[in-house]
Structures are given as structure tokens and as C-alpha cells.
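# Overview (structure and organization)
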Amino acid sequence: MELHPLTDLFMAAPQLEPGDLKTLADDGVTTVICNRPDVENPPELQAAAIQVAAEAAGLTFVYNPVNGAAMTMDNVEEQGEAIAASEGAVVAYCASGMRSAVMWGLSQAGNIPTDQILEATQAAGYPMAGMRAQIDSLAAQKA
């Protein structure tokens, strides 16, 4: 399992496997967000299988599938709500972690300065400098 911290309480990750969920819970994670649509995975890695393992480990599971070519504000808002509702650390995953990092960055616009968002995603291995305008626009809407 590969985790990429963006903050002390949020990590993006590539595809998780059911066996990873107990380890996450043991490490203090309380919420797992799936940003990967089921059509990208075989049944054993689809959201339902991960959800069963997450709930068995005592984790909150949120299914927020993101199509990279068609991200929506509903996706952004659901990601932000799941992060805000978490009582501890959050891991969001997709194929590589990039969509999860993007959803985090967009959902935190206006809560965290844009430079800090971009520095965090860059340090985690998810360069998003090209998204500065979108992050700034969302931040301005929240102001």
C-alpha cells in the first residue's frame, strides 16, 4: 500500500486492496474515500468489496467516483463534506491517487491557501500547478 500525505490528516493513494483496510484503521485512519469508478476495476477491487473490508475494520467508507474527463462540482462538494465529517485521518484513492489529490485540492480551495495546496500536491508527487486558476476561482466563490 502506497500513501501520499497531503496534510497530517489527508492522504491520497493508488488503488487499495481489501487487505489494506485493517492496516489503515490500525494506523488511525477513520475514513476511506473511493474516487475510482467501478468500471475501471475487476469485481474484487470494486467499491463494494472495499466497503465491506472498510466497515469490517471500523472505517467510514464514501464512494465518490470521479471520471477524470468529467469531474463535477458535485464530486468536489462530496469530497469536501466527507473530509470535513471525518473524525480522524482520511485516505482517498483512485488508480494512481491523482484524481484523489485533485479532489482534495479543489475541495479545500478557500480553506487552505492555493500556494499551500499546490505545494502539498507537488510534494506528494501530484503536480497540479496547471490547476491554479480553478483553485483560485473556487476560493473566490467561497469568500
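A short tour of the structure in this document, coming up. Only a predicted model underlies this, so the values are computations on that prediction, with no experimental measurement involved.

Bringing the pairing of strand β4 (residues 60-63) into the picture now. Examined bridge by bridge, strand β3 (residues 29-34) and β4 share 4 bridges and lie parallel to one another. Across the sheet, the residue bridging to V32 is F61, located in β4. The parallel pair β3 and β4, bridged by helix α2 (residues 47-56), forms a crossover whose chirality is right-handed.

To continue, consider the layout of surface pockets. Its boundaries defined by the atoms lining it, the largest pocket holds a volume of some 160 Å³. With 5 residues, the top contributor of residues to the lining of the largest pocket is helix α3 (residues 73-85). Looking at side-chain class alone, the lining of the largest pocket contains 4 nonpolar, 5 polar and 3 charged residues.

It is worth spelling out the sheet that holds strand β2 (residues 10-13) at this point. By definition, the strands of a sheet pair up through backbone hydrogen bonds, in either a parallel or an antiparallel sense. An order of β1-β2-β5-β3-β4 is seen for the 5 strands of this open sheet, with the pairing classed as mixed. Both edges of this open sheet fall to β1 (4-5) and β4, since each of them pairs with a single strand only. As paired strands, β2 and strand β5 (residues 89-93) are joined by 4 bridges and run parallel to one another. Among the inter-strand pairings, A12 is bridged to a residue of β5, identified as A92. Taken strand by strand, α2 contacts β3, β4 and β5, and its axis lies near 165° from that of β4.

Moving on, we come to the environment of S86. Position of S86 among the secondary structure elements: in the loop between α3 and β5. Judged by relative accessible area, which is 15%, S86 ranks as buried. Separated by 27 residues in sequence, S86 and L59 place their C-alpha atoms 10.0 Å apart. When neighbours within four sequence positions are excluded, S86 is seen to be in contact with T30 and T31.

Parameters and conventions
- Residues numbered from 1 in each chain as written.
- Predicted model: local features only at pLDDT ≥ 70, side-chain atom pairs only at ≥ 80, totals over all residues.
- Heavy atoms only, no water.
- Pairing = 2+ DSSP bridges.
- Helix = DSSP H or I, 4+ residues; strand = E, 2+ residues; numbered from the N terminus.
- Right-handed = clockwise from strand over helix to strand, strands pointing away.
- 1 Å grid on protein atoms, 1.4 Å probe; cavity = no way out; pocket = protein on both sides within 12 Å on 5 of 7 lines; lining within 4 Å.
- Points joined across faces, edges and corners; volume = space filled by probe spheres on them.
- Nonpolar A, V, L, I, M, F, W, Y, C, P; charged D, E, K, R; others polar.
- Contact = heavy atoms within 4.5 Å.
- Axes fitted to C-alpha atoms, helices over the stretch in contact; angles between N-to-C directions.
- Buried < 20%, exposed > 50% of the residue type's maximum accessible area, 1.4 Å probe, protein only.

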